[in-house]
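# Structural features, examined
Letter by letter, the chains look like this.
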Amino acid sequence: MDDADEELAARAQTGDRQAFALLVRRHQERVFRFVLRMLGSRDEAMDLTQDTFLKAWNALPAWQPEARFATWLFQIARNATLDLLRRRQLVEFVPLDADTPGEAACEPRDGAPLPEERLADRQRIGLLERALAALPAEQREILLLRELEDMSYAEIAATLGIHEGTVKSRLARARAAALAHYRHHAGESPDERRA
Amino acid sequence: MNAAHEAHITDNDLSAHLDAELDAAAQRRVEGHLAACPRCAARLADFAALSADFDRLPQESFGCDLAGVIAGRLAAVAPPRPRIPAPGWRGLLPLGLGAAASVALGIAMGAALLGGGAALPRMTAMSVFDPIPPGGLCLDACYARGADKTGAFIK
Ligand SMILES: [Zn+2]
């Protein structure tokens, strides 16, 4: 699948909109998920996801076939996200609000009553979302790239433009900071519940 | 002799161990220590539990076909190296309006690439397109709905 990305990107470089449309369909959910978790606002995330692909289309002449298209795309998304955070001086991350009306159409349906385990999961999800909200953008993004996008250290390094050694230490710091948040808000660490 | 006398494993190495990013020698050293040190094992379990929590985050979805939404706007933006002159959506618009839209978008995208100050011209361009949205169904379903509650998340 990823092999064909670069082929499609090369075709898109020549102005092939259908090739670009395939790339958009292939990557829109990943980009959206990342941007949404960075910004915390669905509307902004939808805008910024669109902007990311428009910018990618516009910048395609500068794309080098040696660079993985997905990495390059995430660089664009990430830069746009940080720009927005800076521009709006959104110092405080806005946690995702599940109760916001109008969101139901795009959310997984969930009618059944929650078993106890699900409730515990919900609480833990809440803890994680609050922890993410409290982290500096630099730590939030690296956690998302690793944990949500499942990128290797090499891929993260390429996306963020840092050394792999920095990926290692920054990720460890981000994890430690997130765990400290869990403890602060719940008075427990994740493993205590499992023990 | 035993693990208690050694230095504990650093967060850096525990975290990299979890991600299977340590080289073979470091991996062996960490595993040897973990087998004998409950403190480091507990720390690793913390990292692993945190990692597992990410899998539980709700699967958010963009909710519609973005390629369809932006198709019309790709046509408006000068393609990188066009080989085929495309009639595209401009044929759908009155001549003057189409030209104006192209210019407005060109300016908007230029501003976006230069960074900063892009928000205003982009919105201007959007308003030109609103009457005839390319991929209109998706725009109606997702984009317009989103626009209704713009700012709802900002406190
Ligand atoms: Zn130890």
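Keep in mind that this is a model prediction, so the values were computed, not measured.

## Points about the overall build of chain A
When you go through chain A residue by residue, the secondary structure sums to nine helices and zero strands. Starting at the N terminus and walking to the C terminus, you meet the elements of chain A as α-α-α-α-α-α-α-α-α. Residue burial in chain A is summarised as follows: out of 195 residues, 55% are buried. Across chain A, contacts joining residues at least 24 apart in sequence account for 66% of those joining residues at least 6 apart. Counting only carbon and sulfur atoms, one obtains 49% of the accessible surface of chain A, whose full area is about 8,800 Å².

## Notes on helix α7 (residues 153–160) of chain A
Within an α-helix, residues lying three or four positions from one another point in the same direction, as the helix has 3.6 residues per turn. Regarding α7 of chain A, the residues found buried are Y153, I156, A157, T159 and L160 of chain A. Projection of α7 of chain A onto a plane perpendicular to its axis shows the buried side chains occupying an angular sector of 165°, all on one side. Contact partners of the buried residues in α7 of chain A: α4 (69–87), α6 (137–148) and α8 (164–186) of chain A together with α1 (11–18) of chain B. Just past α7 of chain A, the residue G161 of chain A takes up positive phi, approximately 70°.

## Here we look at the coordination of the zinc ion
Residue and element names in this part refer to chain B. All of the protein donors around the zinc ion are H8 (ND1), H33 (NE2), C37 (SG) and C40 (SG); their distances to the metal are 2.0 to 2.3 Å. Coordination geometry of the zinc ion: the four donor atoms subtend angles of 101 to 126° at the metal centre, consistent with an arrangement described as tetrahedral. Counting along the primary sequence, the residues that act as donors to the zinc ion give the motif H-x24-H-x3-C-x2-C. Comparing H33 with C40 shows no difference in burial state: the two are buried.

## Notes on the confidence of the model for chain A
All names here are of chain A. Looking at chain A, the pLDDT average stands at 83 and 78% of residues meet or exceed 70. At the level of individual helices and strands, chain A shows its lowest average pLDDT in helix α9 (residues 190–194), which scores 47, and its highest in α7, which scores 97. Taken together, the stretch residues 97–111 has pLDDT below 50 and engages in 21 contacts with residues farther than four places along the chain or on a different chain. Confidence drops under a pLDDT of 50 for residues 191–195, and excluding neighbours within four residues, the segment shows twelve contacts in the predicted structure.

## Observations concerning the nonpolar core
If you look at the biggest cluster of nonpolar residues, it comprises 78 residues, and the most contacted ones within it are F20 of chain A together with F54 and I70 of chain B. Considering every element that reaches this core, the biggest residue donor is helix α2 (residues 17–39) of chain A, with twelve residues. Ignoring sequence-local partners within four residues, the contact set of I70 of chain B consists of F20, V24, Q50, F53 and L54 of chain A.

## Points about the packing of α4 of chain A against α7 of chain A
Residue and element names in this part refer to chain A. The N-to-C vectors of α4 and α7 enclose an angle of 50°; their axes lie 8 Å apart at closest approach. Taken together, the axis directions place α4 and α7 in an arrangement best described as oblique. For α4 against α7, the interelement crossing comes out right-handed. Here T71, F74, Q75 and R78 of α4 come into contact with α7, specifically with E155, A158, T159 and L160. Looking at the contact of α4 with α7 residue by residue, the class counts come to three nonpolar, three polar and two charged.

## Focus: the confidence of the model for chain B
Residue and element names in this part refer to chain B. When pLDDT is averaged along chain B, the result is 64, and 44% of the positions lie at 70 or above. No element of chain B has a lower mean pLDDT than helix α6 (residues 119–129), which averages 34, and none a higher one than α1, which averages 98. Counted against residues more than four places away or in other chains, residues 82–141, with its pLDDT under 50, gives 57 contacts. Taken together, the stretch residues 143–155 has pLDDT below 50 and engages in 27 contacts with residues farther than four places along the chain or on a different chain.

## Thoughts on the packing of α2 of chain A against helix α3 (residues 42–59) of chain A
Residues and elements named next belong to chain A. The geometry of α2 relative to α3 is characterised by a closest axis approach of 8 Å and an angle of 140° between their N-to-C directions. Between α2 and α3 lies a crossing whose hand is right-handed. Residues R17, F20, L23, V24, H27, Q28, V31, F32, V35, L36 and L39 of α2 touch α3, and the partners they reach there are R42, E44, A45, M46, L48, T49, T52, F53, A56 and W57. Residues that form the contact of α2 with α3 fall into these classes: 14 nonpolar, four polar and three charged.

## Brief notes about the pattern of salt bridges
In the structure shown here, the tally under the stated rule is 21 salt bridges over all chains. Measuring nitrogen to oxygen at the nearest pair gives 3.0 Å for the salt bridge that ties D65 of chain B to R25 of chain A. Linking D65 of chain B in the loop between α3 (38–56) and α4 (66–76) with R25 of chain A in helix α2, this pair reaches from one chain into another. The shortest N-O distance in the salt bridge between E149 of chain A and R33 of chain A comes to 3.2 Å. Taken together, the residues span a long stretch of sequence, with E149 of chain A in the loop between α6 and α7 and R33 of chain A in helix α2 at a distance of 116 residues. A network of salt bridges, in which partner residues are shared, links R146, E147, D150 and R175 of chain A together with D19 of chain B.

## Considerations on the environment of L127 of chain A
Residue and element names in this part refer to chain A. Mapped onto the secondary structure, L127 falls in helix α5 (residues 116–134). The class for L127 is buried, based on a relative accessible area of 10%. Between the C-alpha atoms of L127 and A178, which are 51 residues apart in sequence, the distance is 9.3 Å. With residues near it in sequence (within four places) discarded, L127 still touches Y182, H185 and A186.

Rules behind the numbers
Residues numbered from 1 in each chain as written. Chains lettered and ligands numbered in written order. Predicted model: local features only at pLDDT ≥ 70, side-chain atom pairs only at ≥ 80, totals over all residues. Heavy atoms only, no water. Helix = DSSP H or I, 4+ residues; strand = E, 2+ residues; numbered from the N terminus. Buried < 20%, exposed > 50% of the residue type's maximum accessible area, 1.4 Å probe, protein only. Contact = heavy atoms within 4.5 Å. Areas by Shrake-Rupley, 256 points an atom, 1.4 Å probe, with all protein chains shown as cover. Arc of directions from axis to C-beta. Donors = N, O, S within 2.8 Å, 3.2 Å for Na, K, Ca; no water. Tetrahedral: all angles 85-135°; square planar, octahedral: opposite > 155°, others 65-115°. pLDDT = per-residue confidence, 0-100. Core = buried A, V, L, I, M, F, W, Y, C linked by side-chain atoms within 4.5 Å. Axes fitted to C-alpha atoms, helices over the stretch in contact; angles between N-to-C directions. Parallel < 35°, antiparallel > 145°, perpendicular 65-115°, else oblique. Left-handed = near helix turned anticlockwise from the far one by under 90°. Nonpolar A, V, L, I, M, F, W, Y, C, P; charged D, E, K, R; others polar. Salt bridge = Lys/Arg side-chain N within 4 Å of Asp/Glu carboxyl O.

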